[in-house]
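Structural overview for review
Here is how the chains run, residue by residue.
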Amino acid sequence: MNPLLMFLIILGLTGAFAYSAAHRWDLLRTGRDEDRFDKIPDRLKGTWTYAFAQKKMRYYPLAGAAHMLIFAGFMILLLRSIILWGRGFYPAFNLFILGPEGFFGLPLGHIYEFLKDSIASLVIVGALVFLYYRVIKGEPRMTKSGEAILILGIIITMMLADMLYDGAAMVLHHRGLPGCGRTPEPEICASVAKIVAPLGPVSAGGVAWAPFPSPAGSLFATVLSNYNLSTETLVVLAHAGFWTHSSLVLIFLNILPYSKHFHVITGIPNVFFRNLEPRGRLPLVATSAEAIGEKVMKAAEEPEKAEPVGISRVEQFTWKAILDFYTCTECGRCTDNCPAHKTGKLLSPKKLTLNLRDNLYGRQDALLEAKAKAESDGANGVNGAPQEGAEGQPADTELSGGQTALGEAAAGEAASRELVPNVIHPDVLWACTTCRACEEQCPVMISYVDKIVDMRRHLVLVKGEFPNELGGPFQAMEVNGNPWNLARMDRANWTEGLDIPMMTDNPKAKVLYWVGCAASYDDRAKKIARATARLLEEAKVDFAILGQEETCTGDPARRAGNEYLFAMLAEQNVATLNGYKDQGGIRTIVTACPHCFNTLANEYPDFGAKFEVVHHTDYLLGLVAERKLKPKKAVNGKVVFHDSCYLGRYNDVYEQPRDILKSIPGVQLVEAEGWNRQKGLCCGAGGAQFWMEEQNKDRVNVKRTLQLIQTEAKTIATACPFCTTMISDGLKAHGKEESIRQLDVAELLLESCALDQPKKERAPAQETAAEA
């Protein structure tokens, strides 16, 4: 071996990596502050589940298994790399405990040798799987690049080189005296002495293969000995295997910061620093509508000095968002499951992340220079990042190639650095349904919805740019408290014929039925409200509704980027809710709308409203379990349940609606295979899409409905008024509105409970049955 050469390789390549890593670290620190050092036990638990056990990789079984093999290989073979580096200085180095002589009687060296060879073989298999996906199959979701082929080639070469080194050394050992004394370079095989003993006797034909302790190494030894190669040739092959593996590991390390494989380093930290807030909680712009208004005014008047409202330039992202950009594996699972992309829209979550990452990298020099200048001028940003407006120093600079701080640049140049439309097309942002399918699929826990909404916020609040269709709903929510602009006084008209108490009449009611805008005004959704109320009455629940006091939760406004309007509505509702709470009422809020459920449960606590919020399927299931509701009338036939995104992926309510359906006699519950629960396709209404026109004729709800029709179910069950409308429209598009029923879970439960109906209720109920 050559200690000097090994020293130069380690010093040179690790030094080069340290230089690259330092630049990436400095760029990360230009991001705005974000506290991700809380709840350490939860972070460690999730890191094991998602980073080491790789739970989400299993969503794609073959690719997931291949990745898990390669990941396990790198974990185990890291010791092998360390051993080989050590052998460059001392040929018999075996990390002190992994030598052939054993460790306190334990054959750790043999055990590790067997494990190392077995895993290395499986790593090759995993790499070949990905080569198949990229070269032969051409998997559309994956980024096609020569870099990926190069990396896979390096991985396979490292494994084969290690096996070659072992095999050649074993043959040399068998040809020489113990310790390889007669070979030209005895140190080549000093490390394998005694390990080769179990290989079996040396025959005239060569070394016999043995499965333990070195199955791969002994296989190479058998092949090499059968070719009767000269000792000198074997020495060359052993050296080639040794130095190839030893150096490729470090060469691979240096490629990482400049490739998608940077996730090898950043993946585990990205999972550790993942967002532990409720999935349905968007980050605040400010804690009140007034504070938001002030920030918006400052951003409009002095954009370079004011604190950003939303995101307009890449440097306004947090350090965790930058870590997300570093960590993207370009696997395309996000895009492969995005309902917008699957129906031909411009949005591709993967491409969105890569465009933001490339813009960040393209501005690296300018951002680092601006950061250094701000620090030298006394700006004190957390993690070293300057705070915009501190001591009058802006944190932004020109695009890469410029050396002038943004505060001295022309306004036109400032605009050229804005992400929308220069980097991200507006239609990309407005195609998002905020369904979280992308985030559910991402194996390294990258977030997308928060970034999209933040860019929408800047467009809506600062620039006043949003789709024309949203103008009416925005104004309607502000004036009449609902996006349809219907009269506030008509909000409780759906209760006609029912004896539903108001909170004004029963301020101490412990259960508030939050009806929501859709069920208050939409004729189809009103039937869901009536069914839910009838069931609560039957179970003798002490409940009431707000009626005219209820106003839109603001979910459509917030997801569309209008944070100011959302905060106004939230403050109004919070004041109403807390007012009744102070009187001894409202301990539990029940709602049939997943969007209201998510907002009330996960976002209103930021505005001071903390209540137990339960979706109506969860609450009704409890009443069935307590025998306060008794399904008895058979509803015969196949029923398929459509998972609402804001109920399932956002809040993990998957089984409760299904359990209600299972409790109904005659129901045969079926699933849309491959497209249910976490992988259920969005109905297309979320993210304020309900009020916008889709960007092409291929509609999300029509595609989703087809998946449900293919189950051959006679009834499609939903648990969201928006899903109800979208799936109903999908049935009409497929001409199935007469042959397939579409009902909310509460309506099916009401039907099965066969409740005696008051006289005034009979006509609407009969109408529902006729339509069904």
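Calculation criteria
Residues numbered from 1 in each chain as written. Predicted model: local features only at pLDDT ≥ 70, side-chain atom pairs only at ≥ 80, totals over all residues. Heavy atoms only, no water. Helix = DSSP H or I, 4+ residues; strand = E, 2+ residues; numbered from the N terminus. Expected span 1.5 Å × (residues − 1). Buried < 20%, exposed > 50% of the residue type's maximum accessible area, 1.4 Å probe, protein only. Polar contact = N/O pair within 3.5 Å; in protein donor to acceptor, adjacent residues only side chain to side chain. Salt bridge = Lys/Arg side-chain N within 4 Å of Asp/Glu carboxyl O. Pairing = 2+ DSSP bridges. Right-handed = clockwise from strand over helix to strand, strands pointing away. Contact = heavy atoms within 4.5 Å.

Let us look at helix H23 (residues 523-538). Given a rise of 1.5 Å per residue, 16 residues ought to cover 22 Å, and the 23 Å separating the end C-alpha atoms of H23 matches this to within 8%. Across the 16 residues of H23, twelve count as buried, placing the element largely inside the fold. Capping the start of H23, Asp 522 holds a side-chain oxygen 3.2 Å from the backbone nitrogen of Arg 524, two or three residues further along.

We now examine the pattern of salt bridges. Counting across every chain of the model gives 44 salt bridges. Residue Arg 457 pairs with Glu 563 through a salt bridge whose shortest N-O separation is 2.9 Å. Note that Arg 457 is positioned in helix H20 (residues 449-462) and Glu 563 in helix H25 (residues 563-582), a separation of 106 residues in sequence. Take Arg 457 and Glu 563: they sit in the same class, and that class is buried.

Attention now moves to helix H27 (residues 616-625). Counting buried residues in H27 gives seven out of ten residues, a clear majority hidden from the surface. Of the positions making up H27, those classed as buried are His 616, Thr 617, Tyr 619, Leu 620, Leu 621, Leu 623 and Val 624. Phi turns positive one or two residues past the end of H27, at Arg 627, with a value near 65 degrees.

This part takes up the pairing of strand S6 (residues 612-615). Taken residue by residue, a regular strand's side chains alternate between the two faces of the sheet. Examined bridge by bridge, strand S5 (residues 588-591) and S6 share four bridges and lie parallel to one another. Counterpart to Ile 589 in the pairing with S6 is Val 613. Of the crossover connections in this fold, the one passing from S5 over helix H26 (residues 594-603) to the parallel S6 is right-handed.

Right, let's talk about the side chain of Glu 418 for a bit. If you trace the backbone, Glu 418 turns up in the loop between helix H16 (411-416) and helix H17 (419-422). The exposure class of Glu 418 is buried, given its relative accessible area of 15%. Within the structure, Glu 418 has its side chain in polar contact with the side chain of Lys 463 (distance 3.0 Å). Filtering out sequence-adjacent residues up to four positions away, Glu 418 remains in contact with Ser 312, Arg 313, Val 423, His 458 and Lys 463.

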